[in-house]
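# Chains, contacts and geometry: an overview
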Amino acid sequence: MCTYVTETLAVTGSAKGPDGWIRVTDATVYFDHPTHALADHTLNVDLRRPADGPGARVAIELTAESARQLARAILDVLDDPAVAALAFPRTAAGQAVSG
Amino acid sequence: MYDAILAETVHFPADNGDILEGYAARPLDGASRGGVVVIHHLPGYDRETKEFVRRFAVMGFNAVCPNLYTRIAPGASYDDAAAAARAQGGVPDEQVVGDVGGAMAWLRALSNSNGKVATIGHCSGGRHSFLVSTHLDPAAAIVCYGGLIVGETPPQLPTMVPLVDRSPLVSCPVLGLFGNDDQFPTPEQVDELEKTLQSNGKDVEFHRYDGAGHAFFGPDRPAYRVEAALDGWARIQTFLDKHLAG
């Protein structure tokens with residue numbers, strides 16, 4: 001179906017498309033018919049910079065299993081102690097600070 | 001036999017007087033004929049939907065698909081426009097009604113129009129086709145596996161309300177085509193919609209296909225089911241020939 005299950009969030013970072021790098025500010029995550037992937041439905045992520053128009057977008061469409069594997073891989077990397085120390089430095093009180 | 005058709009991008013006034021982009025196709029033989037508004041699905045004003053528009057012209061009808069995302073992303077590629085629309089939570093139902101109404105008026109103003117116009121949509125477009133039949137006066141409405149006519153509003157898109165309670169307002173005959181393996185809508189939801197329309201005295205014709213799920217009309221998708229799609233196209237032709245005649 002055209003699912004309406006959609007999550008939107010603000011993000012900080014960059015993504016590269018055919019016209020070069022974009023400093024992305026927004027992300028949309030949803031499960032719906034893909035534009036290009038050979039599947040009936042896919043987990044889709046749009047990394048966007050709407051201030052530069054609708055074309056400022058890097059899109060991925062992954063099968064549900066591929067998306068889960070990617071999500072697990074992302075979390076595995078972020079949860080590695082060596083990475084966590086760099087990505088989420090501790091405050092003096094020992095509170096993790098994200099961002 | 002003269003069988004030329006013309007397919008082209010057009011523009012017409014729609015909801016709020018805004019000028020909307022649309023993709024139209026029509027036979028050029030000059031004979032009087034009815035029209036069909038093709039309502040695209042949530043993923044956008046795509047190539048496959050435009051192929052449907054051309055097919056309706058070959059079937060003998062004027063047809064137009066309004067680009068419901070014209071305002072959000074004018075000039076953008078259809079997939080970028082759909083992404084922008086989704087990030088905004090989709091388009092409001094009231095605006096869709098106004099935009100389809102603009103497309104209906106455009107069809108009725110064609111020199112070869114007999115004044116009768118139907119609507120059709122697949123997936124979320126099927127929901128919109130039903131929605132329009134509760135607000136405007138199409139001669140007929142076709143719903144191909146439209147989700148969320150029966151069901152619950154998804155929390156992420158609060159404007160997508162179920163429509164079954166509006167069945168008393170349906171203004172025209174309704175043809176529904178559904179796959180029994182579909183979960184959006186489920187066979188039970190299809191039954192509920194059919195019974196509700198019947199109990200309100202509406203002219204309703206539903207067909208269900210075993211071995212078919214959602215999007216069985218889409219020849220470029222794994223969900224394509226040739227037997228269901230071919231029978232469905234035949235049902236559509238018969239339904240439109242009946243209700244757009246004159």
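Each remark here, short or long, concerns the structure printed above.
To keep things clear, this report deals only with the structure shown in the data block. None of these values were measured; they are calculated from a predicted model.

Glancing now at the overall build of chain B. Helix and strand counts for chain B stand at six helices and eight strands. Counting from the amino terminus, chain B carries its helices and strands in the arrangement β-β-β-α-β-α-α-β-α-β-β-α-β-α. For 246 residues, the compact-globule estimate of 2.2 N^0.38 gives 18 Å, and the C-alpha radius of gyration of chain B, at 17 Å, lies within 12% of that figure. Taken along the three principal axes of its C-alpha coordinates, chain B extends 45 × 40 × 35 Å. The buried share of chain B, reckoned over its 246 residues, is 50%. Taking contacts inside chain B between residues at least 6 apart in sequence as the whole, the part at least 24 apart equals 65%.

The next subject is the nonpolar core. One finds B:Val37, B:Val38, B:Val53, B:Ala63, B:Val64, B:Ala118 and B:Ile142 to be the most contacted residues of the largest nonpolar core, which totals 74 residues. Once you skip the residues sitting within four places of it in the chain, B:Val37 turns out to touch B:Val64, B:Val100, B:Ala103, B:Met104, B:Leu107, B:Val117 and B:Thr119.

As a further point, take the sheet that holds strand β3 (residues 42-48) of chain A. Within a sheet, neighbouring strands are paired by backbone hydrogen bonds and run either parallel or antiparallel to one another. Taking strand neighbours across the sheet as the criterion, the four strands line up as β1-β2-β3-β4 (chain A) in an open arrangement whose pairing is antiparallel. A single partner strand is all that each edge strand has here, and the edge strands are β1 (6-17) and β4 (57-62) of chain A. Between one strand and the next, the sheet's axes are offset by a mean angle of 25°, whatever the strand orientation. Two strands pair when backbone bridges link them, and strand β2 (residues 20-32) of chain A and β3(A) are joined in this way by seven bridges, in the antiparallel orientation. When the sheet's bridge partners are listed, A:Phe31 is paired in β3(A) with A:Leu43. In the packing of helix α2 (residues 78-87) of chain B onto the sheet, contacts are made with β1, β2, β3 and β4 of chain A, and the angle to β2(A) comes to roughly 70°.

This part covers the packing of helix α3 (residues 93-108) of chain B against helix α4 (residues 124-133) of chain B. All names here are of chain B. The geometry of α3 relative to α4 is characterised by a closest axis approach of 10 Å and an angle of 75° between their N-to-C directions. By the angle between their axes, α3 is roughly perpendicular relative to α4. Where α3 approaches α4, its residues Asp-93, Val-96, Val-97 and Val-100 are matched on the opposing element by His-128, Leu-131 and Val-132.

Basis of the calculations
Residues numbered from 1 in each chain as written. Chains lettered and ligands numbered in written order. Predicted model: local features only at pLDDT ≥ 70, side-chain atom pairs only at ≥ 80, totals over all residues. Helix = DSSP H or I, 4+ residues; strand = E, 2+ residues; numbered from the N terminus. Rg over C-alpha atoms; globule rule 2.2 N^0.38 Å. Buried ≥ 20, exposed ≤ 12 C-beta atoms within 10 Å, placed from the backbone. Contact = placed C-beta atoms within 7 Å. Core = buried A, V, L, I, M, F, W, Y, C linked by C-beta atoms within 7 Å. Pairing = 2+ DSSP bridges. Axes fitted to C-alpha atoms, helices over the stretch in contact; angles between N-to-C directions. Parallel < 35°, antiparallel > 145°, perpendicular 65-115°, else oblique.

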